[in-house]
Amino acid sequence: MKYLEKIFFRMQDREQKLLVVAIAIVLVVACLKLLQNGIERFQSWKEINQLIESHEMILRLKPSIDRALEEQKIAQQNKSYDKKNLSNRVSSLADQVFPARDYRELDTEERERYSQHRVRITFKRSSYDQVNEFAGLIRGESPYMFLSEVKITPNYPPKSRPYDPTTFDAVFEVSSVEFINQ
């Protein structure tokens, strides 16, 4: 320490002031970095704490969710559609409305407690009434089958025939949930 003191007092006044200012700046920057690091850690701690609380809330709700799923499973027993029944039922409903439709079975999403079966029906150049009627037929089958996705694209008549009706290309994704027996 004495050695540093000797070096410091050998410097001119201007050099001493410059050294003191430089050391003060280094200390201020170091303190600011420490403060910034502390704030970041505190924010991280708060986020983790909120995440833990939300997970604990979900865990507290798990018994009531399990009960509700069991009630739904019992209510839909022998009423919900498996993949084959869903395909047959959706196909017959589509035939009632628009026989020239395109039909595709999609992959089944299998979860821990249920399977979600999906079928895609495509109407090309159909009327609004046909699109609406098919959606109504599917809604009538609720809660055992439902529309999980609908895309409707209008086909406007050409400018040379402005009085022709507007047609629609509609893609319906119809789903059903089948509970897995445990």
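Our structure's up above, just so we're on the same page.
Values in this document were obtained by computation on a predicted structure and should not be read as measured data.

What follows deals with the overall build of the protein. Within the protein one finds four helices and five strands. Moving toward the C terminus, one meets the helices and strands of the protein in the order α-α-α-β-β-β-α-β-β. Scaling as 2.2 N^0.38, a compact globule of 182 residues should have a C-alpha radius of gyration of about 16 Å, whereas the protein reaches 34 Å, well beyond that. Considering only C-alpha atoms, the protein reaches an extent of 105 × 60 × 20 Å along its principal axes. Out of the 182 residues belonging to the protein, those deemed buried represent 23%.

For strand 5 (residues 167–179), the buried fraction is high: ten of the 13 residues fall into the buried class. Bridge analysis of strand 3 (residues 114–126) against strand 5 gives eleven bridges, and the strand direction is antiparallel. In the strand pairing of strand 5, Val119 is matched with Val174. With nine bridges connecting them, strand 4 (residues 146–155) and strand 5 associate as antiparallel partners. Bridging across to strand 5, Leu147 finds its partner in Val174.

Our next topic: the packing of helix 3 (residues 83–97) against helix 4 (residues 128–140). Each pair of packed helices can be summarised by the angle the axes make with each other and by the distance between the axes. Between helix 3 and helix 4, the shortest axis-to-axis distance is 9 Å and the interhelical angle comes to 150 degrees. In terms of orientation, helix 3 lies roughly antiparallel with respect to helix 4. Between helix 3 and helix 4 the crossing geometry is right-handed. Across from Val90, Leu93, Ala94, Gln96 and Val97 in helix 3, the residues of helix 4 making contact are Gln130, Glu133, Phe134, Leu137 and Ile138. When its residues are assigned to classes, the contact of helix 3 with helix 4 shows seven nonpolar, two polar and one charged.

Let us now look at the environment of Ser142. Looking at the secondary structure, you find Ser142 in the loop between helix 4 and strand 4. A relative accessible area of 45% means that Ser142 is categorised as partly exposed. Measuring from C-alpha to C-alpha, the distance between Ser142 and Ser80 comes to 9.8 Å, with 62 residues separating the pair along the chain.

Okay, the pattern of salt bridges next. Charged atoms that come close allow side chains of opposite charge to pair. Applying the stated criterion to the full structure yields nine salt bridges. Its salt-bridge partner being Asp66, residue Lys62 comes within 2.9 Å of it at the nearest N-O pair. Here the residue Lys62 and the residue Asp66 both occupy positions in helix 2 (residues 13–75), the gap between them amounting to four residues, near one helical turn. Owing to a relative accessible area of 39%, Lys62 belongs among the partly exposed residues under this scheme. Salt-bridge contacts for Arg89 lead to Glu141; the nearest nitrogen and oxygen are separated by 2.7 Å. In this pair, Arg89 sits in helix 3 while Glu141 sits in the loop between helix 4 and strand 4, placing the two residues 52 residues apart along the sequence.

We now examine the side chain of Thr167. Among the structural elements, Thr167 can be located in strand 5. A relative accessible area of 17% means that Thr167 is categorised as buried. A distance of 3.1 Å separates polar atoms of two side chains, one belonging to Thr167 and the other to Arg125. Residues in contact with Thr167, not counting those within four places in the same chain, are Arg125, Ser126, Thr153, Pro154 and Asn155.

The rules we used
Residues numbered from 1 in each chain as written. Predicted model: local features only at pLDDT ≥ 70, side-chain atom pairs only at ≥ 80, totals over all residues. Heavy atoms only, no water. Helix = DSSP H or I, 4+ residues; strand = E, 2+ residues; numbered from the N terminus. Rg over C-alpha atoms; globule rule 2.2 N^0.38 Å. Buried < 20%, exposed > 50% of the residue type's maximum accessible area, 1.4 Å probe, protein only. Pairing = 2+ DSSP bridges. Axes fitted to C-alpha atoms, helices over the stretch in contact; angles between N-to-C directions. Parallel < 35°, antiparallel > 145°, perpendicular 65-115°, else oblique. Left-handed = near helix turned anticlockwise from the far one by under 90°. Contact = heavy atoms within 4.5 Å. Nonpolar A, V, L, I, M, F, W, Y, C, P; charged D, E, K, R; others polar. Salt bridge = Lys/Arg side-chain N within 4 Å of Asp/Glu carboxyl O. Polar contact = N/O pair within 3.5 Å; in protein donor to acceptor, adjacent residues only side chain to side chain.

Any link to function would need more than the numbers given here.
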